[in-house]
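# Breakdown of the fold
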Amino acid sequence: MRLALLPALILLALTPLAQAQTPAPAAPAPVAASDKPLAVVNGKEIPALYGDLVKREMAQGQPDTPQLAERVRESLINLELLSRAAMDKGLDKEPPLAAALDIRRKDQLAKAYLEDYVKAHPVNDAEIQAAYDKAKAEPAEPEYRARHILVKTEAEAKKIIADLGKKAKFEDLAKKQSKDTGSAKNGGALDWSDRRAFVAEFSDALAGLKKGETTKTPVKTQFGYHVIRLDDTRQAQLPPLDAVRGEIVKQLQQQRIRDAITSVRASAKIE
């Protein structure tokens, strides 16, 4: 289970200090046994487990080196000293900090409970197949292959529509005038997409076109004014089960989490 132990800002604040105090070792440090503390600070042991957890946070893809291990050790020593100094001053009793500490603790416990619940209620093949069959039975949204030309003003869009009426090529006008640089280089061509990929005004205009038809008036969206041509439509095909199995598992696990929350709330007295 992955725990977000320390905010990145704390680590960044502590690590340079550790580097300034302790030079990187010239040779790899011996691997500590699991029962051997990482350090002992004023008589209090810092368990090796703390180092393992914090190293995971600090590594961020870096290789596990003696230098990294030393940074982790020094950061935890600094953390122990600074947190003890804060408690000695009674800062942990101040309501805002006490509340923040309590929320952080409860957050970690809640995540641990949900992970344990999902682990104890694994998704099985029958559920995956049932979810896939349900999705397959639902009517699929049609997909559109369209082109568009995006300009800043309505007047520019009207001029483009007029030029198209005079047999100008849509692709040529898109390359020269469209402000959507991603599609302009391809003659205004957009990828196959269903309506959910577009803003409402664009989507509605597209759905109202027949194959090969161009909008007769400019379509205004938050991006500017569009001239749209519908090149083709097709019925979306659900990918094979093996291709979407991972996504289905994630969705079912999310349902497990909702079930866990519903369960604990059902037995609670909430006023």
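## Some remarks on the overall build of the chain
- Looking only at helices and strands, the chain features 10 helices and 5 strands.
- Expressed as a percentage of the 271 residues in the chain, the buried residues total 30%.
- Within the chain, contacts between residues separated by at least 24 positions form 67% of all contacts whose residues are at least 6 apart in sequence.
- For the chain, the accessible surface area stands at approximately 18100 Å², while carbon and sulfur atoms represent 55% of it.

## Overview of the environment of lysine 216
- Position of lysine 216 among the secondary structure elements: in the loop between α9 (200–207) and β4 (219–221).
- For the pair formed by lysine 216 and isoleucine 161, sequence separation is 55 residues and the distance between their alpha carbons is 6.9 Å.
- A distance of 2.9 Å separates a polar atom in the side chain of lysine 216 from a polar atom in the side chain of glutamate 213.

## Overview of helix α7 (residues 170–177)
- Turning to α7, its buried residues number three or more, namely Phe170, Leu173 and Ala174. For α7, the angular spread of buried residues about the axis comes to 100°, placing them on one side. Counted as exposed and oriented over 90 degrees from the buried face of α7: Lys175 and Lys176.
- Buried positions along α7 lie against β3 (142–151), α6 (154–165), α8 (181–184) and β5 (224–235).

## Quick notes on the sheet that holds β3
- Taken in spatial order, the 3 strands make up an open sheet running β3-β5-β4, and their pairing is antiparallel. The outermost strands of the open sheet, each flanked by one partner alone, are β3 and β4. Going across the sheet, the axis of each strand differs from the next one's by a mean of 50°, ignoring polarity.
- In this sheet, β5 lies alongside β4 in antiparallel orientation, the contact comprising 3 bridges. Note on β5: the bridge partner recorded for valine 219 is histidine 226.
- Across the face of the sheet, α6 comes into contact with β3 and β5 while running at roughly 50° to β5.
- Lying on the sheet, α9 is in contact with β3, β4 and β5; it crosses β4 at an angle near 155°.

## Examining the pattern of salt bridges
- In the structure shown here, the tally under the stated rule is 21 salt bridges.
- For arginine 229, the salt bridge is made with glutamate 171, and the minimal N-O distance between the two is 3.1 Å. A residue pair is termed long-range when its members are at least 10 positions apart, and arginine 229 in strand β5 and glutamate 171 in helix α7 qualify at 58 residues.
- Judged by relative accessible area, which is 21%, glutamate 171 ranks as partly exposed.
- With a closest N to O distance of 3.4 Å, lysine 269 and glutamate 271 form a salt bridge.
- Note on glutamate 271: relative accessible area 83%, which makes it exposed.
- Because the salt bridges share partners, they merge into one network encompassing Arg147, Glu171, Arg229 and Asp231.

## With respect to the packing of aromatic side chains
- Under the criterion given, the structure shown has 2 aromatic pairs.
- Considering the side-chain rings of tyrosine 113 and tyrosine 117, the 6.4 Å spacing of their centres and the 40° angle between planes classify their relative orientation as tilted. Taken together, the positions of tyrosine 113 and tyrosine 117, both in helix α4 (residues 95–120) and 4 residues apart, correspond to about one turn of that helix.
- Note on phenylalanine 198 and phenylalanine 202: the rings are 4.9 Å apart at their centroids and 25° apart in plane angle, and the pair reads as stacked. As far as burial versus exposure is concerned, phenylalanine 198 and phenylalanine 202 are alike and both buried.
- Looking at arginine 234, its charged tip hangs above the ring of tryptophan 192, at a distance of 4.2 Å from the centre.

## Points about the environment of alanine 162
- Considering the arrangement of structural elements, one finds alanine 162 in helix α6.
- Judged by its relative accessible area of 35%, alanine 162 falls in the partly exposed class.
- With 55 residues separating them in the primary sequence, alanine 162 and threonine 217 have C-alpha atoms 10.0 Å apart.

## Points about the packing of helix α2 (residues 48–59) against helix α3 (residues 66–88)
- Interaxial distance between α2 and α3 falls to 9 Å at its minimum, and their mutual angle equals 115°. It follows that α2 is roughly perpendicular to α3 by the angle criterion. In the crossing of α2 with α3, the sense of the turn from one axis to the other is right-handed. Taking contact as the criterion, the partners of Tyr50, Gly51, Val54, Lys55, Met58 and Ala59 in α2 are, on α3, Leu68, Ala69, Arg71, Val72, Ser75 and Leu76.
- In terms of residue class, the contact of α2 with α3 is built from 8 nonpolar, 2 polar and 2 charged.

The rules we used
Residues numbered from 1 in each chain as written. Predicted model: local features only at pLDDT ≥ 70, side-chain atom pairs only at ≥ 80, totals over all residues. Heavy atoms only, no water. Helix = DSSP H or I, 4+ residues; strand = E, 2+ residues; numbered from the N terminus. Buried < 20%, exposed > 50% of the residue type's maximum accessible area, 1.4 Å probe, protein only. Contact = heavy atoms within 4.5 Å. Areas by Shrake-Rupley, 256 points an atom, 1.4 Å probe, with all protein chains shown as cover. Polar contact = N/O pair within 3.5 Å; in protein donor to acceptor, adjacent residues only side chain to side chain. Arc of directions from axis to C-beta. Pairing = 2+ DSSP bridges. Axes fitted to C-alpha atoms, helices over the stretch in contact; angles between N-to-C directions. Salt bridge = Lys/Arg side-chain N within 4 Å of Asp/Glu carboxyl O. Phe/Tyr/Trp six-rings, centres within 6.5 Å; stacked < 30°, edge-to-face > 60°. Lys NZ or Arg CZ within 6 Å of the ring centre and 35° of its normal. Parallel < 35°, antiparallel > 145°, perpendicular 65-115°, else oblique. Left-handed = near helix turned anticlockwise from the far one by under 90°. Nonpolar A, V, L, I, M, F, W, Y, C, P; charged D, E, K, R; others polar.

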